[in-house]
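Structural characterization, general
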Amino acid sequence: MEEPGFWDDPEDATAKNAELKSINDDMDAVEALDEKFDDIETLIAMGDEEGDLSLLDEVKDGVEKLAASLDEIRMKTLLSGEYDGCDAIVTLQAGAGGTEACDWAGMLFRMYSRFCDSHDFKTEVLDLLDGDEAGIKSVTFEVHGANAYGFLKSEKGVHRLVRLSPFNANNKRQTSFASCIVMPIIEDDSDIEINDDELRIDTYRASGAGGQHINKTSSAIRITHIPTGIVVQCQNERSQHQNKEKAMQVLRSRLRELQDEENEAKADEIRGNVQDNAFGSQIRSYVLQPYTMVKDRRTNEETADADGVLNGKIDNFINAYLKYIS
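Here the structure is a predicted model, which is why all the values come from computation and not from measurement.

Quick word on unusual backbone geometry
Residue proline 290 follows glutamine 289 across a cis peptide bond; omega there is 5°. Within the secondary structure, proline 290 is located in the loop between strand S9 (282-287) and strand S10 (293-296). The phi dihedral of aspartate 120 is positive, around 60°, even though this residue is not glycine. Take aspartate 120: it is sitting in the loop between helix H3 (99-118) and strand S2 (122-130). For asparagine 300, which is not glycine, the phi dihedral falls at a positive 65°. Examined against the element boundaries, asparagine 300 turns out to sit in the loop between S10 and strand S11 (302-303). The class for asparagine 300 is exposed, based on a relative accessible area of 52%.

Below, the structure is given as structure tokens:
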């Protein structure tokens, strides 16, 4: 009897197909880049031979598009981390400051949602807690797409907003904070052991929009990992079983992240170079008053187009971060 081959496992076959598609896409991108280069060379030769200066604008446009494509390909070469190719789980939490902070967390959720849409990433909300008056207190969502974690890992940390408060009768300038946690979704998490006696599992009624099912059954799940104090919850699936499964997925990712951070801290201690954990530290400021400026404290990347950034145009910050850590 023949031994089962690699392709006999549907999950392995799917993974292999995805890997092959990614390689083919990369090859197509390089070939397209080569064609653009040849086209530009041809235009330059034609213009030089005929003395036709009208081709200069076309050459300039071609060079700009070539540079943009080259930069995009170069960014992919920087996504070489262990988990960069994974999907991601993102959690946004409003900081101290009540309604202001909740509104800021809501603005960040909108920013990341638009970024994901522009990159054809699929998002799925796992848990969302609305603010009392506006915005959101917290939201956890999955991001599915090529190198989703590799791109979004740059966003981990505290984001600071400075603006004239729309919730203040005196329209005073207000500073708000919200934190962003980004974790990879790891398919092979067999080395993360979770014992049932280490968990406290609570059920509660889901809140928010969702039809008649919502608020009528205790389908929402909150899981507390007692040894670490990590709390995860999920309420957006239709059944308690599905919510528990998603919550456990988030918990495994959080434990993996904690494990990696502890390993990194030990390595830094051995090297004599202990640095502050990135989570909980301010990484970027979004200033809307008295001037407009978004600046990343790690890379010094900045832009005056704050409106564009808040509408999802954060590629320049992500690219600068990938170059910074490479």
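Some thoughts on the sheet that holds S9
Remark on secondary structure: sheet strands pair via backbone hydrogen bonds, oriented parallel or antiparallel. Taken in spatial order, the eight strands make up an open sheet running S2-S3-S1-S5-S4-S9-S10-S11, and their pairing is mixed. Both outer strands of the open sheet, S2 and S11, are each paired with one neighbouring strand and no more. Where S10 meets S11, two bridges bridge the pair, whose relative direction is antiparallel. Pairing of valine 294 across the sheet is with threonine 303, part of S11. Contacting strand S1 (87-94), S2, strand S3 (136-144), strand S4 (157-164), strand S5 (173-185) and S9, H3 crosses the sheet at an angle of about 45° to S5.

Focus: the nonpolar core
Counting 40 residues, the largest nonpolar core has Leu92, Tyr112, Val143 and Tyr286 as its most contacted members. Of all the secondary-structure elements, those providing two or more residues to this core are helix H2 (56-78), S1, H3, S3, helix H4 (148-152), S5, helix H6 (306-310) and helix H7 (315-325). The residues contacting tyrosine 112, other than those within four sequence positions of it, are Leu92, Phe141, Leu152, Glu155, His159, Cys180 and Ile314. Counting residues in each nonpolar core, the second largest holds 18 residues, with Ile185, Ile221, Ile223 and Cys234 among its members.

Let's talk about the confidence of the model for the protein chain
Parts of the model with low pLDDT should not have their predicted coordinates read in detail. Here the protein chain shows a mean pLDDT of 83. Residues at 70 or above account for 84%. Under a pLDDT of 50 for its full length, residues 209-215 has, in the predicted model, nine contacts with residues more than four places off or in other chains. For the stretch residues 269-280, pLDDT sits under 50, and the model shows twelve contacts to residues farther than four places along the chain or on other chains.

The rules behind these values
- Residues numbered from 1 in each chain as written.
- Predicted model: local features only at pLDDT ≥ 70, side-chain atom pairs only at ≥ 80, totals over all residues.
- Heavy atoms only, no water.
- Helix = DSSP H or I, 4+ residues; strand = E, 2+ residues; numbered from the N terminus.
- Buried < 20%, exposed > 50% of the residue type's maximum accessible area, 1.4 Å probe, protein only.
- Pairing = 2+ DSSP bridges.
- Contact = heavy atoms within 4.5 Å.
- Axes fitted to C-alpha atoms, helices over the stretch in contact; angles between N-to-C directions.
- Core = buried A, V, L, I, M, F, W, Y, C linked by side-chain atoms within 4.5 Å.
- pLDDT = per-residue confidence, 0-100.

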